[in-house]
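Coordinates in review
Letter by letter, the chains look like this.
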Amino acid sequence: MKRSVRRNLRQAGTAASAVLFIVFLICTGLAEDGGGWIYHLQKQILNTSQEMYMPVLTWVNRTPGKGPGEWIREKALAWIPLISYAEDQETYDSSIEDEETLAKILEAQANDENAVDENGNLIGEPDESEADTAAVSPTVDTSIKKLRDFEYLLSNFYTVDSSTMIGSDQLNADDLLGRSMKIDTSTDGPKVLIYHTHSQEEFADSTPGDTATSIVGVGEYLTELLNKRGIETIHDTGVYDIINGKLDRSNAYEYAGAAVEKILEENPTVEVLIDLHRDGVAEGTRLVTEINGKPTAKIMFFNGLSRSRTNGNIDYLPNPYIQDNLAFSLQMQINAEENYPGFVRHIYLRAYRYNLHLMPKSLLVEAGAQTNTVEEMMNAMEVLADMLEDVLTGE
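Being a predicted model, the structure only gives us computed values, none of them experimental.

About the cut-offs
- Residues numbered from 1 in each chain as written.
- Predicted model: local features only at pLDDT ≥ 70, side-chain atom pairs only at ≥ 80, totals over all residues.
- Heavy atoms only, no water.
- Helix = DSSP H or I, 4+ residues; strand = E, 2+ residues; numbered from the N terminus.
- Buried < 20%, exposed > 50% of the residue type's maximum accessible area, 1.4 Å probe, protein only.
- Contact = heavy atoms within 4.5 Å.
- Areas by Shrake-Rupley, 256 points an atom, 1.4 Å probe, with all protein chains shown as cover.
- Salt bridge = Lys/Arg side-chain N within 4 Å of Asp/Glu carboxyl O.
- Patch = residues over 30% accessible without salt bridge, like charges linked within 9 Å, V, L, I, M, F, W, Y side chains within 5 Å.
- Pairing = 2+ DSSP bridges.
- Right-handed = clockwise from strand over helix to strand, strands pointing away.
- Core = buried A, V, L, I, M, F, W, Y, C linked by side-chain atoms within 4.5 Å.
- Expected span 1.5 Å × (residues − 1).
- Phe/Tyr/Trp six-rings, centres within 6.5 Å; stacked < 30°, edge-to-face > 60°.
- Axes fitted to C-alpha atoms, helices over the stretch in contact; angles between N-to-C directions.

For the protein, the count of helices and strands is twelve helices and 13 strands. Counting all 395 residues of the protein, 45% fall into the buried class. Sequence-distant contacts, at least 24 apart, represent 80% of the contacts inside the protein between residues at least 6 apart. Carbon and sulfur atoms form 54% of the exposed surface of the protein, whose accessible area is close to 20,100 Å².

What follows is the structure, encoded as C-alpha cells:
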C-alpha cells in the first residue's frame, strides 16, 4: 500500500513537471515571436479547427512553412527521454508488485470459491431460497445440436463470475464431450483421490469436533461408495486450513497442493482428483431437492480458468488441463441433467486455478451448504457416486 502511494505521488509529480515544462516552452516560443504572437496564436487555432473539421481543405491549403506549433512540438520531443525514463520506472515498480498481487490472488482463491449476493444466491443463478422437494423433470435440452449453440450452452449450464470470461473456443461442445473421461480399470491400484482443501466445513446438525459429521465424513462416505462400485479410491484427510490452532485459509490451496502432489507420487495409478467442499450461503437458503424419495443436498461443479477479465491469462497460475477440467465438469453436469434433474446447480467459472492443474481429470465439487443436514449430504454422495461411475467407466 505504501509503495502504491509513493508511486502515485511520483506519477503526479512527473505529470506536473511535464505540464509546467510545456507551458514554459509555449511561453518561450511566443515571446521569441514578438508582437505578432496574437496573430500566430489565432492562426494556429484556425489551422487546428480546419484539421479537425475540414481535413481535405487543410491538406489543399497546407504550406511548407513551420508554424509555432511545429516549433513547440520539436522542443517537446527533445524531452521524451525523460518520459521514457518515468515509464521504465513504472514498469519496474509494477513487476515488483506482482508478488504482492499474486499473494492477494492466492488468498482470494483460498476463501469461499463462489460469490453469493445478499440473498445467499449465486450471482446469475435462480432463487433457491426454498427447498425443492418435489419431483423434478428435465428442464434443459442436452442434445448435441443445442449444446453446439454457445449462448444456449453458456446460459443453461454455466454461471460466469464477473472476475473472468470465457468464449466459444473453450466452451466447444464437440471438443468437451469428445474428450474421454474413462479410467483404466485393467490395472491394479487406486484410481481416484478425494481430498479437502477446506476440511473444517460443517453442516446444520454437525457435532462440533466430530469429523464424521463434517465434510471429511462426507468424503469418507463417497470413498466407501466408489470402492463398493469397483472404483478403487483413497481418501486424504489432511488438514490444510488450520494454522497454529486457528482457521486460516490463506494458504490452504498451496498446502493441499503440495500434499496431493506427494500422494500422487506414491500412487501413480491415480487418474482422478476430487476436491470436495461445502458451499457457504445465507442462513435462509436451502440447497436441497428430492431424489429417489430422499431429501438430497444439491451440488455444484467449479472450474478455475486462470484468467482475469482485467488482465487476461494469469501466467503465474498456469493450468495446461483447463479444457480437460471443463470437459469433466460438463460431462458430469449433463449426466446429472439426464438422470437426476434438479440435483446440480450451474457450473461456476472463476478466474483462479484451485489446484485443478494437478491432473486432467480434476473436479472441484461444492456439495450442499452449511444449512444442509448431514443426512442430506450423505444422500447427495450416493447420487454423485452413481454419476462418477457412469462418466468414469461408462457403466
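And the narrative resumes.
Glancing now at the pattern of salt bridges. Counting across every chain of the model gives eleven salt bridges. Salt bridges linked by common partners bring Asp175, Arg179 and Asp324 together as one network.

This paragraph deals with a nonpolar patch on the surface. A contiguous nonpolar patch, built from Val239, Ile242 and Leu247 and spanning about 260 Å² of accessible area, is present on the exposed surface. Judged by its relative accessible area of 56%, leucine 247 is exposed.

Our next topic: the pairing of strand β2 (residues 192-195). Here β2 shows no split at all, with Val192 and Ile194 on one side and Leu193 and Tyr195 on the other all buried. As defined by bridge partners, β2 adjoins strand β3 (residues 233-235) across three bridges and the pair is classed as parallel. Across the sheet, residue leucine 193 finds its bridge partner in β3, namely isoleucine 234. Read as a crossover between parallel neighbours, the route from β2 over helix α9 (residues 215-228) to β3 is right-handed. Pairing of β2 with strand β6 (residues 272-279) involves four bridges; the strand directions are parallel.

Right, let's get into the nonpolar core. In terms of nonpolar packing, the biggest core is built from 60 residues, with Tyr158, Phe301 and Leu388 touching the most fellow members. With twelve residues, the single largest contributor to this core is helix α12 (residues 374-393). Excluding residues within four positions of it along the chain, leucine 388 makes contact with Leu222, Leu226, Ile274, Phe328, Met332, Leu363 and Thr393.

Along its 14 residues, α9 runs 20 Å from first to last C-alpha, staying within 8% of the 20 Å computed at 1.5 Å per residue. Restricting attention to buried positions, one finds in α9 the residues Ile215, Val216, Gly217, Val218, Gly219, Leu222, Thr223, Leu225 and Leu226. Of the surrounding secondary structure, the elements contacted by the buried residues of α9 are β2, β3, β6 and α12.

Moving on, we come to the packing of aromatic side chains. Within this structure, the stated rule accounts for four aromatic pairs. Pairing tyrosine 253 with tyrosine 354 gives two aromatic rings, centres 5.5 Å apart and planes at 70°, and the pair type is edge-to-face. Residue tyrosine 253 is found in helix α10 (residues 252-266), and its partner tyrosine 354 is found in the loop between β12 (347-350) and β13 (361-369); the two are separated by 101 residues along the sequence. What links up through ring pairs into an aromatic cluster is the set Tyr253, Phe302, Tyr348, Tyr352 and Tyr354.

Now for the environment of tyrosine 195. When you line up the elements, tyrosine 195 lands in strand β2. Residue tyrosine 195 is classed as buried on the basis of its relative accessible area, which comes to 3%. Residues tyrosine 195 and glycine 219 lie 24 residues apart in sequence; the distance between their C-alpha atoms is 7.5 Å. Discounting chain neighbours no more than four positions away, the residues touching tyrosine 195 are Asp236, Ala256, Val260, Leu273, Ile274, Asp275, Leu276 and Asn355.

Here we come to the sheet that holds β3. Sheet architecture is open: seven strands sit in the order β1-β12-β9-β13-β6-β2-β3, paired in mixed fashion. Strands with a single pairing partner mark the edges of an open sheet, and in this sheet they are β1 (158-160) and β3. Strand after strand, the sheet turns through a mean of 25° between neighbouring axes, direction not considered. Bridge analysis of strand β9 (residues 299-304) against β12 gives three bridges, and the strand direction is parallel. The partner of glycine 304 across the bridge, within β12, is arginine 350. Packed on one face of the sheet, helix α7 (residues 150-157) meets β1 and β12 and runs near 85° to β1. Of the strands in this sheet, β2, β6, β9 and β13 are in contact with α12, which crosses β13 at around 155°.

Geometric descriptors of this kind do not, in isolation, establish any biological role.
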